[in-house]
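What follows is each chain in one-letter form.
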Amino acid sequence: AGEKIRIEPEEMISVTRNGRDIDVGSLSTAAAQEVLLSVRLSRLDEEDPDALVPMVLDDVFANFDTDRLNAGMKMLKGLQRQVILLTCQNRERDAL
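Residues numbered from 1 in each chain as written. Predicted model: local features only at pLDDT ≥ 70, side-chain atom pairs only at ≥ 80, totals over all residues. Heavy atoms only, no water.

*Asks:* Whenever I open this one, the pairing of strand 4 (residues 55–58) confuses me. Can you help?
*Replies:* The alternating pattern of strand 4 places M55 and L57 on a buried face, while none of V56 and D58, on the opposite face, is buried. In terms of strand pairing, strand 4 meets strand 5 (residues 83–86) through four bridges, oriented parallel. In the sheet register, L57 faces strand 5, and the bridge partner there is L85. Running through helix 2 (residues 66–77), the crossover from strand 4 to the neighbouring parallel element strand 5 is right-handed. (Buried < 20%, exposed > 50% of the residue type's maximum accessible area, 1.4 Å probe, protein only. Helix = DSSP H or I, 4+ residues; strand = E, 2+ residues; numbered from the N terminus. Pairing = 2+ DSSP bridges. Right-handed = clockwise from strand over helix to strand, strands pointing away.)

*Asks:* Sorry, what's going on with the nonpolar core here?
*Replies:* What tends to happen in soluble globular proteins is that the nonpolar side chains get buried as a cluster. Residues L37, M55, L57, F61, L69 and M73 are the most contacted members of the largest nonpolar core, which totals 13 residues. Those elements that provide at least two residues to this core are helix 1 (29–47), strand 4 and helix 2. It is helix 1 that provides the largest number of residues to this core, a total of four residues. In contact with M55, not counting residues within four places along its chain, are L37, R40, L41, L44, R81, Q82, V83 and I84. Of all hydrophobic cores here, the second largest spans nine residues; its members include V24, A31, V35 and V39. (Core = buried A, V, L, I, M, F, W, Y, C linked by side-chain atoms within 4.5 Å. Contact = heavy atoms within 4.5 Å.)

*Asks:* What is the right way to read helix 1 from this model?
*Replies:* Note on helix geometry: an α-helix contains 3.6 residues per turn, so any two residues three or four positions apart are oriented the same way. End to end, helix 1 covers 27 Å across 19 residues, agreeing with the expected 27 Å (1.5 Å per residue, within 8%). Of the residues making up helix 1, those classed as buried are A30, A31, A32, V35, L37, V39, L41 and L44. (Expected span 1.5 Å × (residues − 1).)

*Asks:* What exactly am I supposed to notice about a nonpolar patch on the surface here?
*Replies:* A contiguous nonpolar surface patch, about 220 Å² in accessible area, is contributed by V56, I84 and L86. Considering the arrangement of structural elements, one finds L86 in strand 5. Owing to a relative accessible area of 39%, L86 belongs among the partly exposed residues under this scheme. (Patch = residues over 30% accessible without salt bridge, like charges linked within 9 Å, V, L, I, M, F, W, Y side chains within 5 Å. Areas by Shrake-Rupley, 256 points an atom, 1.4 Å probe, with all protein chains shown as cover. Salt bridge = Lys/Arg side-chain N within 4 Å of Asp/Glu carboxyl O.)

*Asks:* How should the packing of aromatic side chains be read in this particular structure?
*Replies:* Geometry of an aromatic ring pair is reported as the spacing of the ring centres plus the angle between the planes. Applying the stated criterion across every chain, the model contains one aromatic pair. Plain terms: the ring middles of F61 and F64 are 5.2 Å apart, the flat faces sit at 70° to each other, and that makes the pair edge-to-face. With a relative accessible area of 5%, F64 lands in the buried category. (Phe/Tyr/Trp six-rings, centres within 6.5 Å; stacked < 30°, edge-to-face > 60°.)

As structure tokens, this is what we get:
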């Protein structure tokens, strides 16, 4: 709560937490991937607001724990666009 994502002109991504900027590279792998997924979603919504282009995700949840995976899958199910999820893991299929 209260966190913001900032993208610098040179594509540097940081998260503002408690008034302090944190470079996405210093986050855990799963947290960084969660931030980057959020950025991808927002950019796709900006570029394709009519949801004409499907979103293709390749092992995007590989480093997520079960809680993050379930939240991410719930979020994807709520999108108003086609999502193609590529993975070699069964847990994503099971989370559907």
